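Spelled out from the first residue to the last, the chains are:
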Amino acid sequence: MATDRELRLQIRALRAFAALTYPFACVPFLWFWFHRHGIDDVGYGVVIAVYYATMVAAEVPTGMLADRFGRRPMLVAGPLLLAVGFATVLVWPSYSGFCLGEALLGLGHAVLSGPPAALLFESLEARGRAHEYHRNEAVVNTLRLLGTAVSFLLGGLLAWAFDIQAAILATTALCVGAAIAGAAVRE
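Owing to the predicted nature of the structure, the values given are computational and were not obtained by experimental measurement. (Residues numbered from 1 in each chain as written. Predicted model: local features only at pLDDT ≥ 70, side-chain atom pairs only at ≥ 80, totals over all residues. Heavy atoms only, no water.)

## A closer look at the overall build of the protein chain
Consideration 1: Along its length, the protein chain carries eight helices and zero strands.
Consideration 2: Each helix and strand of the protein chain, placed in order from N terminus to C terminus, yields the pattern α-α-α-α-α-α-α-α.
Consideration 3: Relative to the globule expectation of 16 Å for 187 residues, the C-alpha radius of gyration of the protein chain, 17 Å, shows essentially globular dimensions.
Consideration 4: Here the C-alpha coordinates of the protein chain stretch approximately 55 × 35 × 20 Å along the principal axes. (Helix = DSSP H or I, 4+ residues; strand = E, 2+ residues; numbered from the N terminus. Rg over C-alpha atoms; globule rule 2.2 N^0.38 Å.)

## Things to note about empty space enclosed by the protein
With a probe scaled to a water molecule rolled over the atoms, the places where space remains empty come into view.
Consideration 1: Summed over the entire model, instances satisfying the criterion amount to one cavity of 30 Å³ or more.
Consideration 2: In this structure, the largest cavity encloses a volume near 40 Å³.
Consideration 3: Leu14, Pro116, Ala117, Leu120, Glu137, Val140 and Arg144 are the residues that line the largest cavity.
Consideration 4: Among the secondary structure elements, those contributing two or more residues to the lining of the largest cavity are helix H6 (115–126) and helix H7 (133–161).
Consideration 5: Residues of the lining of the largest cavity, tallied by class, amount to five nonpolar, no polar and two charged. (1 Å grid on protein atoms, 1.4 Å probe; cavity = no way out; pocket = protein on both sides within 12 Å on 5 of 7 lines; lining within 4 Å. Points joined across faces, edges and corners; volume = space filled by probe spheres on them. Nonpolar A, V, L, I, M, F, W, Y, C, P; charged D, E, K, R; others polar.)

## Here we look at the packing of aromatic side chains
Consideration 1: In this structure the tally under the stated criterion is seven aromatic pairs.
Consideration 2: Relative to Phe86, the ring of Phe24 has its centre 5.4 Å away and its plane inclined at 50°; by these criteria the two rings are tilted. Placement of Phe24 in the loop between helix H1 (4–21) and helix H2 (30–36) and of Phe86 in helix H4 (residues 71–91) is noted, with a sequence separation of 62 residues between them.
Consideration 3: Among the residues examined, Phe24 registers a relative accessible area of 9% and is labelled buried.
Consideration 4: With relative accessibility at 2%, the residue Phe86 sits in the buried group.
Consideration 5: Judged by centre distance (5.2 Å) and plane angle (85°), the ring pair of Trp31 and Phe32 falls under edge-to-face.
Consideration 6: An aromatic cluster of three or more residues is present, and its members are Tyr22, Phe24 and Phe86. (Phe/Tyr/Trp six-rings, centres within 6.5 Å; stacked < 30°, edge-to-face > 60°. Buried < 20%, exposed > 50% of the residue type's maximum accessible area, 1.4 Å probe, protein only.)

That is the geometry; function is a separate question.
Shown next as structure tokens:
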């Protein structure tokens, strides 16, 4: 059974991970990036459909992987898949590159959809404090949304001061940071 100190550290690590989970500085500007590289509105719809189709198709298999290999590896793999997806969009700015990048992003999202919440619940349950889950999950969700909002502001500043490429690069780096934060969480 986890000690109170271990539980506090675990909750702190999960909160830090949440703040970095979706640091999508470039997302508000991706349509412009795609358009700049010859993607019209129909092509944009297809590229985004690849993302959603991948995310839906991968949801159950990635959950099974998390159950089989543990949640912590998913907290590392998910952000790394997101980082590779954004890097692909940056270095291969073409229809094929955008489709592959969005497929990787959809896979990364599927990997991350359940493990953080499961780890939080299991950590609280191991200490006999499962009744605190909803309050803690609300804080985690707030930090996740706040982290995304702050990253949007950062992306706007980078796109304005430099170019959209800077926002995509920052997003990639922040996703790697999320993987590092995920490695700090204990199973």
